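# Commentary on secondary and tertiary structure
Here's the letter readout for the chains.
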Amino acid sequence: MTSSPLVAAVVGASGYAGGELLRLLLAHPSFEVGPLAAGSSAGKRVTELHPHLTALADRTFIGTDVDALIEADVVFLALPHGESGAIAAALPAGTLVVDLGADHRLADAEAWSRYYGGNHAGTWTYGMPELGDQRAEIATARRIANPGCYPTGVILGLAPLLAAGLVEPDDVVVVAASGTTGAGRKPSDALLASTVMGQLSAYKVGGTHQHTPEIEQALTGAAGERVTVSFTPLLAPMPRGILATTTARLADGVTTEVLHEALHAAYAGEPFVTVLPSGSWPQTGATLGANSVHLQVAADRHSGRAVVVSAIDNLTKGAAGQALQNANIALGLPETAGLTAIGVAP
Ligand SMILES: NC(=O)C1=CN([C@@H]2O[C@H](COP(=O)(O)OP(=O)(O)OC[C@H]3O[C@@H](n4cnc5c(N)ncnc54)[C@H](OP(=O)(O)O)[C@@H]3O)[C@@H](O)[C@H]2O)C=CC1
Ligand SMILES: CC(=O)N[C@@H](CCC(=O)OP(=O)(O)O)C(=O)O
């Protein structure tokens with residue numbers, strides 16, 4: 001007996017994260033692509049904005065109308081910050097909703113307002129399956145806040161070291177470079193080809209990036225005590241990928257081997273987190289199109305700091321892939337369905 005496919009609706013389907021989700025949904029064994037909602041692109045053909053999605057050549061984007069979403073088994077929201085709460089509130093409580101945006105990630109409403117502006121829409125289950133023991137909560141949640149792109153690689157790289165007491169919580173420094181799709185499709189001077197190509201630039205410097213409280217929230221949970229993070233993001237002249245370097249003061253006597261073993265122990269058997277062999281360092285290219293996190297770590301005995309390097313594809317593990325992984329868990333499907341850990345190279 002074959003069961004009928006589950007219906008997946010995507011709101012914000014014309015954007016970069018929505019497009020990546022559609023690419024993954026088309027290859028998923030259990031989903032059919034349901035309503036595809038957009039804002040100003042309503043009425044346009046899907047392939048006008050996503051030319052690679054030829055399987056959807058006969059589909060057009062509809063306007064964002066909650067009535068059209070009611071029948072879906074899962075609704076993915078890939079909207080600008082501040083737009084998810086009202087739509088989610090109008091959907092049945094039993095419908096699985098996965099929010100790729102930031103609206104429901106933070107428990108601290110004051111921090112949300114400070115970094116994003118406006119009112120906090122509420123706090124949902126944080127959907128990072130490999131972090132601690134999150135899977136049981138994700139499996140029963142009907143509202144899932146999908147993690148941010150920078151936080152994904154940074155948190156998964158450092159959380160096990162904090163949990164094991166191998167690094168100190170009060171002096172965590174993150175410098176991470178992202179590809180331009182991280183900023184979404186909207187046009188801006190900062191994203192003009194002539195501005196981005198051929199150079200690397202820093203932005204939102206000085207503790208102002210909105211992912212700072214999200215990284216601190218998850219790492220504080222892992223450490224069991226307050227973690228303070230200094231985060232500096234960089235814009236890199238590439239479409240996809242995030243390479244993050246995270247450093248923290250080493251506890252006494254901790255060696256590279258001990259750090260490496262802690263990451264191995266935390267992620268043994270995880271299909272999407274790979275601790276690279278000693279001596280190999282993560283590269284964004286190796287994770288492109290994959291739901292993968294690549295990690296490596298060293299003890300810098302000269303400065304007394306642990307150095308963790310992580311690579312992800314911001315659109316896949318950093319957004320749409322992780323969202324689909326969460327939906328798989330919440331709908332009782334195999335967690336890896338429709339997802340690959342194999343990247344595109346070179
Ligand atoms: N890009 C990335 O790497 C990541 C993105 N995210 C998050 O995912 C979300 C989407 O990001 P991304 O795809 O990059 O952004 P884009 O700007 O590329 O896409 C935004 C989407 O939202 C739609 N939209 C905008 N305003 C409205 C509205 N008022 N009502 C309905 N739809 C609207 C747009 O439709 P239209 O263009 O038709 O107006 C478009 O489909 C954001 O919250 C982002 O922070 C999370 C992790 C990584
Ligand atoms: C390169 C670039 O501009 N990246 C974006 C990432 C934003 C994002 O993806 O936002 P959420 O993960 O919070 O939804 C930024 O730094 O603001």
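No experiment lies behind these values; they were computed from the predicted model shown. (Residues numbered from 1 in each chain as written. Chains lettered and ligands numbered in written order. Predicted model: local features only at pLDDT ≥ 70, side-chain atom pairs only at ≥ 80, totals over all residues.)

### Section: the overall build of the protein
Filter applied, for reference: Put simply, DSSP marks the helices as runs of H or I at least four residues long and the strands as runs of E at least two long, and each gets a number from the N terminus on. Radius of gyration here uses only the C-alpha atoms, and the compact-globule reference equals 2.2 Å multiplied by the residue count raised to the power 0.38. Exposure classes come from backbone-placed C-beta atoms, where a residue is buried if 20 or more other C-beta atoms lie within 10 Å of its own, exposed if 12 or fewer do, and partly exposed in between. Two residues qualify as a contact pair if the distance between their C-beta atoms, derived from the backbone, is within 7 Å.
Helix and strand content of the protein: 10 helices and 14 strands. What you see for the protein is a C-alpha radius of gyration of 20 Å, in line with the 20 Å of a compact globule of 346 residues. Once the C-alpha set of the protein is aligned to its principal axes, its extents read approximately 60 × 50 × 45 Å. Counting the 346 residues in the protein, one finds 49% classified as buried. Across the protein, contacts joining residues at least 24 apart in sequence account for 70% of those joining residues at least 6 apart.

### Some remarks on the site of ligand 1
We apply this condition: Throughout this description, a residue near a molecule or strand is one whose C-beta atom, derived from the backbone, lies within 6 Å of it. Amino acids outside the nonpolar list (Ala, Val, Leu, Ile, Met, Phe, Trp, Tyr, Cys, Pro) and the charged list (Asp, Glu, Lys, Arg) are all regarded as polar, and Gly is one of them. A domain assignment, automatic or from a database, supplies the domain bounds used here.
The full set close to ligand 1 counts 31 residues, and Gly 15, Gly 39, Ser 41, Gly 101 and Gly 184 are the nearest of them. Those elements giving two or more residues to the shell around ligand 1 turn out to be helix H1 (16–26) and helix H10 (316–330). Take the shell around ligand 1: its biggest share by element is three residues, from H1. A breakdown of the residues in the shell around ligand 1 according to their chemical character gives 12 nonpolar, 16 polar and three charged. When residues of the shell around ligand 1 are sorted by domain, at least three fall in each of domain 1 (6–123) and domain 2 (150–314).

### Observations regarding the sheet that holds strand E1 (residues 6–11)
Operational definition: Only strands joined by at least two bridges in the DSSP assignment are considered to pair.
Taken together, the seven strands give an open sheet; going across it, the order is E3-E2-E1-E4-E5-E7-E6, and neighbouring strands pair in parallel fashion. Two strands close off the open sheet at either side, each with one partner strand: strand E3 (62–63) and strand E6 (125–126). Taken together, the two bridges between E6 and strand E7 (residues 143–145) define a ladder with parallel strand orientation. Counterpart to Thr 125 in the pairing with E7 is Ile 144.

### Looking at the environment of Ala 164
Structurally, Ala 164 can be placed in the loop between helix H6 (149–163) and strand E8 (172–178). Taking the C-beta count within 10 Å as the criterion, Ala 164 has 19 such neighbours and is therefore assigned partly exposed. For the pair Ala 164 and Ile 342, spaced 178 residues apart in sequence, the C-alpha to C-alpha distance is 29 Å.

### Let's talk about the domain arrangement of the protein
Structurally, the protein comprises domain 1 (6–123) and domain 2 (150–314). Taking the mean C-alpha position of each, domain 1 and domain 2 sit 26 Å from one another. The interface is formed by 10 residues belonging to domain 1 together with seven residues belonging to domain 2. Here the side of domain 1 that touches domain 2 gets three residues from one element, more than from any other, and that element is helix H4 (residues 109–116). Residues of the side of domain 1 that touches domain 2, tallied by class, amount to seven nonpolar, one polar and two charged.

### Observations concerning the packing of H6 against helix H8 (residues 212–223)
Applied cut-off: Here an angle of 0 to 180 degrees is reported between the N-to-C directions of two axes, which are lines fitted to C-alpha atoms, with helices fitted over the stretch in contact. In this scheme, roughly parallel covers angles under 35 degrees and roughly antiparallel covers those over 145, while 65 to 115 is roughly perpendicular and the rest are oblique. A clockwise turn of the near helix away from the far one marks a right-handed crossing, whereas an anticlockwise turn of less than a right angle marks a left-handed crossing.
Between H6 and H8, whose axes approach to 8 Å, the crossing angle comes to 25°. The orientation of H6 relative to H8 falls into the category roughly parallel. Regarding H6 and H8, the two cross each other, and that crossing is right-handed. Side by side, H6 and H8 meet where Pro 151, Val 154, Ile 155, Leu 158, Ala 159, Leu 162 and Ala 163 of the first sit next to Glu 214, Ile 215, Ala 218, Leu 219, Ala 222 and Ala 223 of the second.

### Observations regarding the nonpolar core
The criterion, for reference: The term nonpolar core refers to a group of buried residues, namely Ala, Val, Leu, Ile, Met, Phe, Trp, Tyr and Cys, whose C-beta atoms join them within 7 Å.
Ranked by internal contacts, the top residues of the largest apolar core, which has 97 residues, are Leu 21, Phe 76 and Leu 219. When residues in this core are grouped by element, the largest group, nine residues, is from H6. Of the domains in this structure, domain 1 (6–123) and domain 2 (150–314) are the two that each give at least three residues to this core.

### Topic: the site of ligand 2
All residues in the neighbourhood of ligand 2 are listed as Gly 101, Ala 102, Gly 148, Cys 149, Ser 178, Gly 182, Ala 183, Gln 210, His 211, Pro 233 and Leu 235. Split by residue class, the shell around ligand 2 holds five nonpolar, six polar and no charged.

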